[in-house]
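Below, each chain spelled out in residue letters.
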Amino acid sequence: MISWHDLYTVLAAVVPLYVAMILAYGSVRWWGIFSPDQCSGINRFVAIFAVPLLSFHFISTNNPYEMNLRFIAADTLQKLLVLAALAAWSNVLRRRRRPLPGGAAPLDWSITVFSLSTLPNTLVMGIPLLIAMYGPYSGSLMVQIVVLQCIIWYTLMLFLFEFRAARLLIADQFPDTAASIVSFRIDPDVVSLDAGAAEAVSEVGGDGKIHVTVRKSTSSRRSAAMMTPRPSNLTSAEIYSLSSSRNPTPRGSSFNHADFFAMVSAAGGAAAAPSFRPSSFGAADFHSLQSSRGPTPRPSNFDDHLQPEITVASAAKKPHPHPNRAGTADTKELHMFVWSSSASPVSEVAALPSFAGHDPDLDHGAKEIRMLVPTELRTTAKEGEDYRAEESNFGGGKGAAEASGGEGTKSGRPMPPASVMTRLILIMVWRKLIRNPNTYSSLVGLIWSLVAFRWQVAMPKIVENSISILSDAGLGMAMFSLGLFMALQPRIIACGNTAASFAMAVRFLAGPAVMAAASIAVGLRGTLLHVAIVQASLPQGIVPFVFAKEYNVHPAILSTAVIFGMLIALPITLVYYILLGL
């Protein structure tokens, strides 16, 4: 029977974590202490130092020779059962050709449901909560779960995301000749197969087979070289990005008064003389002005409707009316406990559907240039925006459905040989892992614990104290960073009430239910069974959301699961704790 003293012990261990989160939230939303740039720096510190060292501390001090194999087997069986159920469900949908919400592919929903049901926030929430509930030994069990998550299950998630990205890339660029691809060569600077980050160039060999080179996409190269934008031949003026989160003040341009009067004269005489000065400004030049990693283009200062008039105006500098407003162009490098080798997955202006709006007050001192654009260019740009909007719906869209054999597509679409695809995906997963500090902290911590507990080797005090200074702050900084993340979101429930209800049901009901069945199946009883169920009812992990945002697979649903799930996690875990203790 759970006593009031037991409940107070649990609250005393967990409430301080929520205090750190609330203070961070209020520092941005209520008091305006931190700007988005400062939040970016805090989250970057957490991603690179605090959480990896916290993970290393827990793993290196845990005895790997006393791991509970039955408990690990229960956790592994839970994830395998979910994967098997999702694989069977996906096959049934493909055979029956049934559409899914938002046109998303079965693979997209399989990845999302797997994340929601099996990957809780064990490191930050699980360890202190379970130690308060069931004692220090349960904390050792949580460390074992953390090791498996970092080394096995997050790697599997990366594999699934890269597999999806590879299918989309091949289906888009090689719809009929994919089966003839015999090799992939990947440029060293390519870190993801996501459509916004990579493109493929093919060569036909002497044997008639296709050899593909994967390189960084044009838009990604432009994003990385924002200081040297592509020049346009329009009136010999170099058109620069006028709105940049990294460089709010636009660089100077060679656009001069002579060019301006030449353009105005041509526009003014358009009625009398329909001919207008020819220009090579085309659709490619227009899209070069909008650098975007994902399907949703980055907001631009160009008039959305592209009115056929030419004006040059300077926007006066004015203070930001909403210093705490989320989703601004100043938000950058917002790493959520994971290192991203490319642009930060949470840093884009269009990071979530609710980020799509653009606040003109953010463009301090920027110049707005409206220019005459041919009708066919307006049509092309509009069609491109419509396609991207359709593709980004629910993170899947038409492209994802086609690549996965969704509704209305050919079920026999060719793909490269399995060995070629596997090699491609493994290379990309490896490149992701070697750029993630958590990978190194987990592996080094595991190796040290194997050596230390085998030969009773003590860590030198200088090293131990150096690590403990940062790792001791890691837990509080992780919760503080989560509070900043919550404050920078326009809405707590970003995906809608229906999707949020579905996500919460999977996270707090389906996940613990499958874990209970798996634990009973492997023979867990008593306290071990209780620990297994309670840890499965923890709030959603942060890393799956970061992956979902980076690959644009239901990021709004995972964002809601992280934020709203964290708010309701404490009462839900307490309910499980009380019911299991009866």
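Residues numbered from 1 in each chain as written. Predicted model: local features only at pLDDT ≥ 70, side-chain atom pairs only at ≥ 80, totals over all residues. Heavy atoms only, no water.

S.K.: So what exactly am I meant to see when it comes to helix α12 (residues 418-433) here?
M.R.: Every α-helix winds through 3.6 residues per turn, so residues three or four apart in the chain are directed the same way. Helix length check: α12, at 16 residues, gives a terminal C-alpha distance of 22 Å against a target of 22 Å (1.5 Å per residue), a fit within 8%. V420, M421, L424, I425, M428, V429, R431, K432 and L433 are the residues of α12 that are buried. Each element contacted by the buried residues of α12 is listed here: α6 (136-173), β1 (181-186), α13 (437-455) and α17 (542-551). (Helix = DSSP H or I, 4+ residues; strand = E, 2+ residues; numbered from the N terminus. Expected span 1.5 Å × (residues − 1). Buried < 20%, exposed > 50% of the residue type's maximum accessible area, 1.4 Å probe, protein only. Contact = heavy atoms within 4.5 Å.)

S.K.: How should the packing of helix α15 (residues 497-522) against helix α16 (residues 527-536) be read in this particular structure?
M.R.: Packing of α15 against α16 brings their axes to within 8 Å, and their N-to-C directions diverge by 155°. For the element pair α15 / α16, the angle class is roughly antiparallel. By crossing handedness, the relation of α15 to α16 is classed as right-handed. Between α15, through R507, G511, P512, M515, A516, S519 and I520, and α16, the contact on the second element is made entirely by L529, A532, I533, Q535 and A536. In terms of residue class, the contact of α15 with α16 is made up of eight nonpolar, three polar and one charged. (Axes fitted to C-alpha atoms, helices over the stretch in contact; angles between N-to-C directions. Parallel < 35°, antiparallel > 145°, perpendicular 65-115°, else oblique. Left-handed = near helix turned anticlockwise from the far one by under 90°. Nonpolar A, V, L, I, M, F, W, Y, C, P; charged D, E, K, R; others polar.)

S.K.: Honestly, a nonpolar patch on the surface in this entry has me stumped. Any pointers?
M.R.: Together, L11, V15, V19, I22, L23, W30, W31 and I33 give the surface a local cluster of nonpolar side chains, amounting to about 770 Å² of exposed area. Within the fold, I33 resides in the loop between α1 (4-29) and α2 (36-60). (Patch = residues over 30% accessible without salt bridge, like charges linked within 9 Å, V, L, I, M, F, W, Y side chains within 5 Å. Areas by Shrake-Rupley, 256 points an atom, 1.4 Å probe, with all protein chains shown as cover. Salt bridge = Lys/Arg side-chain N within 4 Å of Asp/Glu carboxyl O.)

S.K.: What am I meant to see in helix α5 (residues 122-134) here?
M.R.: With 13 residues, α5 extends just 15 Å between its outermost C-alpha atoms, more than 12% less than the 18 Å of an ideal straight helix rising 1.5 Å per residue. Turning to α5, its buried residues are T122, L123, V124, M125, G126, I127, P128, L129, L130, A132, M133 and Y134. Those residues of α5 that are buried lie in contact with α1, α2, α6, α14 (461-487), α16 and α18 (555-580). Backbone nitrogen of V124 and a side-chain oxygen of the N-cap are separated by 3.4 Å at the start of α5; the cap is N121. Downstream of α5 by one or two residues, G135 has phi in the positive range, about 100°. (Polar contact = N/O pair within 3.5 Å; in protein donor to acceptor, adjacent residues only side chain to side chain.)

S.K.: Explanation requested: the environment of S468 in the structure shown.
M.R.: Here S468 is to be found in helix α14. Look at S468 and you get buried, because its relative accessible area is 18%. Between the alpha carbons of S468 and L53 there is a distance of 8.1 Å; along the sequence they are 415 residues apart.

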